[in-house]
Amino acid sequence: MWDSSTFLGALTPKFYVALTGTSSLISGLILIFEWWYFRKYGTSFIEQVKWMSLSTVWAGWGSWGATRSPEGSECKVWRNPTALLRGAEYARLWAAARTAPLTYYDMNLSAQDHQAWLAAAPAWGGADEALARAWREREPAARVAAARAALRLRPDCAAALLLLAEEDAPTVLEAERVLRRAWRAGEASLRASAAAGAGGAARREAALLAHVKRRVAMCARRLGRLKDATRLFRELWREAGGAPQALQVRDNLLEVLLEQGSYADAQAVLARCEDAAAPPTATALYTAALLRARTGPEPPATEALRLAIEFNPYVPAYLLEMRSLTLPPEHVVRRGDSEALAYAFWHLRHWRRADPALRLLAATVRPRAPPPLSAAARAVDRELLPPHHGSAVGARGAPALVPLGVALCVLTTLTITLDPRGVLSAL
């Protein structure tokens, strides 16, 4: 049987000196890489890999997009239904202030979503390979180049057109034009897959087509064509039925109806969702509270606000303009600060038009409401929000101690390398 005491007793001081020097050198190199990665992408590489791995493991325990923290509370990450266009809108922040609007973790989740659409795709040969490469690229220019390469091989590729509309179109109007082209290509591909009896490919094409239609409706919303946007969102909501994407379409539809001033229609949508026992979201609960607080009696409105605040206590700080807004991320943590930001970014204007609702919210909200999120959910929320936002769940500051750690590691390595006898005598 192996005797550990014999092994440890045979080790000389030279071994420990070499071990210390090697570990210090490796630690210094890791810290230098971490500092460079943080300055380039705004997040820690080690934390990024950790949360990606944990999310993959946790995703197998629950439904799509849902993770469960060690503390037992849910951590659900959803696609933001009102996410902006990267090329036409998010890129403006980078062009104006050289500030990254999205975190690498957020963009990586979007890439995984897009790759999932390609998982059941038919064999497209080179176009399929170019598309898969496009979603994996970090730099926008590389993604656009790969999408254009896919289009050269397959001119009617809806997924490649979707990427170009999201990333390459300089204006919302141009993005809508490319998306409508993707719409036509997606319908043709769906008919071809259905005629060929390819069930998996047809489902993939249907999901891609639904997403393209929703982005077309979002472009119509941006351009002020509210009736067109409402019509498209209603059609998508009917087609989605009880599918998970119906929740996202519902939130889009509610926001457009509020912008139109169609409060009765918005109330009807909420009533239908309540009858169907649809899961709550910040948009649904705060819209219900807003509609009650506009004209209804105060006790029911206060109760509706209490339920909304209990679901997501981060929203009132934005609605009462106690915290500043920034561009919302592409994914949000349910009940988290990212969901509150995404909601307030579009709905603050609706609350401003309803002064009684704002006054009642200010009287109802509790200062320092306890967050309902677990530590794991707060950490994911932190990874989704950009460093310049100053998240309520913990702002991402630059790791100021990294240079000091690198200096100590380098000093230790140099000391051991230049004066090993002195170290041995000290031991």
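Scroll up to find the structure this text is about.
What counts as what
Residues numbered from 1 in each chain as written. Predicted model: local features only at pLDDT ≥ 70, side-chain atom pairs only at ≥ 80, totals over all residues. Heavy atoms only, no water. Helix = DSSP H or I, 4+ residues; strand = E, 2+ residues; numbered from the N terminus. Buried < 20%, exposed > 50% of the residue type's maximum accessible area, 1.4 Å probe, protein only. Contact = heavy atoms within 4.5 Å. Axes fitted to C-alpha atoms, helices over the stretch in contact; angles between N-to-C directions. Parallel < 35°, antiparallel > 145°, perpendicular 65-115°, else oblique. Left-handed = near helix turned anticlockwise from the far one by under 90°. Nonpolar A, V, L, I, M, F, W, Y, C, P; charged D, E, K, R; others polar. Patch = residues over 30% accessible without salt bridge, like charges linked within 9 Å, V, L, I, M, F, W, Y side chains within 5 Å. Areas by Shrake-Rupley, 256 points an atom, 1.4 Å probe, with all protein chains shown as cover. Salt bridge = Lys/Arg side-chain N within 4 Å of Asp/Glu carboxyl O. Core = buried A, V, L, I, M, F, W, Y, C linked by side-chain atoms within 4.5 Å. Phe/Tyr/Trp six-rings, centres within 6.5 Å; stacked < 30°, edge-to-face > 60°. Lys NZ or Arg CZ within 6 Å of the ring centre and 35° of its normal. Polar contact = N/O pair within 3.5 Å; in protein donor to acceptor, adjacent residues only side chain to side chain.

A. The overall build of the protein chain, seen in detail. Tallying secondary structure elements over the protein chain gives 21 helices and three strands in all. By residue count, 48% of the 427 residues in the protein chain fall in the buried class. Pairs at least 24 apart in sequence give 68% of the contacts found in the protein chain among residues at least 6 apart.

B. Inspection of the packing of helix α13 (residues 263–275) against helix α14 (residues 282–295) at higher detail. Contact pair α13 / α14: the axes reach a minimum separation of 10 Å and the direction vectors enclose 135 degrees. Here α13 lies oblique to α14, going by the angle between them. Considering the relative orientation of α13 and α14, their crossing is left-handed. Packed against α13, whose contacting residues are Tyr263, Ala266, Gln267 and Leu270, the element α14 presents Ala284, Thr287, Ala288, Leu291 and Arg294 at the interface. Its residues assigned to classes, the contact of α13 with α14 comprises six nonpolar, two polar and one charged.

C. Structural context of a nonpolar patch on the surface. A contiguous nonpolar surface patch, about 280 Å² in accessible area, is contributed by Leu25, Leu29 and Ile32. As for its position among the elements, Ile32 is in helix α2 (residues 13–41). On the accessibility criterion, Ile32 (44% relative accessible area) is partly exposed.

D. The arrangement of the nonpolar core in detail. Residues Val212, Phe233, Tyr286, Leu319 and Trp351 are the most contacted members of the largest nonpolar core, which totals 91 residues. Val212 has contacts with Leu162, Leu179, Ala182 and Trp183, leaving out every residue within four places of it along the chain. Counting residues in each nonpolar core, the second largest holds six residues, with Ala83, Leu84, Leu327 and Trp346 among its members.

E. Spotlight on helix α19 (residues 375–384). With seven of 10 residues buried, α19 lies mostly within the body of the structure. Along α19, the residues classified as buried are Ala376, Ala377, Ala379, Val380, Asp381, Glu383 and Leu384.

F. Spotlight on the environment of Leu358. You can see Leu358 is positioned in helix α18 (residues 355–364). Spatially, the C-alpha atoms of Leu358 and Leu319 are 7.8 Å apart, while their sequence positions differ by 39 residues. Residues in contact with Leu358, not counting those within four places in the same chain, are Leu319, Leu320, Trp351 and Arg352.

G. Representation of the pattern of salt bridges within the structure. Evaluation of the coordinates by the stated rule reveals 25 salt bridges. Of the charged contacts, one joins Glu235 and Arg231 as a salt bridge, the two residues approaching to 3.6 Å between their closest N and O atoms. Here Glu235 pairs with Arg231, and both are found in helix α11 (residues 226–240), just four residues apart, close to one helical turn. On the basis of relative accessibility, which here comes to 27%, the residue Glu235 falls in the partly exposed class. In this structure, the salt-bridge partner of Arg250 is Asp251, at a minimum N-O distance of 3.5 Å. The exposure class of Asp251 is buried, given its relative accessible area of 8%. Connected via shared salt-bridge partners are Arg86, Arg143, Glu167 and Glu330.

H. Geometry of the packing of aromatic side chains. Applying the stated rule across the entire model yields three aromatic pairs. Grouping aromatic residues by their ring pairs yields a cluster made of Tyr286, Tyr343 and Trp351. In this structure, Arg272 packs its charged tip against the face of Trp237, placed 4.4 Å from the ring centre. Arg294 extends its terminal NZ or CZ atom over the ring of Tyr263, reaching a point 3.7 Å from the ring centre.

I. Quick look at the side chain of Arg86. The residue Arg86 is located in helix α4 (residues 86–97) in this model. Of the residues examined, Arg86 reaches a relative accessible area of 12% and is grouped as buried. Among the polar contacts listed, one links the side chain of Arg86 to the side chain of Glu167, at a separation of 2.7 Å. Ignoring sequence-local partners within four residues, the contact set of Arg86 consists of Ala91, Leu102, Met107, Ser110, Arg143, Glu166, Glu167 and Glu330.

J. Here's a closer look at the packing of helix α8 (residues 158–167) against helix α9 (residues 172–196). α9 packs onto α8 with a crossing angle of 170 degrees between their chain directions and a minimal axis gap of 8 Å. Of the possible angle classes, the one that applies to α8 and α9 is roughly antiparallel. From α8, Ala158, Leu161, Leu162, Leu164 and Ala165 reach across to α9, where they touch Ala175, Val178, Leu179, Arg181, Ala182, Ala185 and Gly186. Residue classes in the contact of α8 with α9 are distributed as 10 nonpolar, one polar and one charged.

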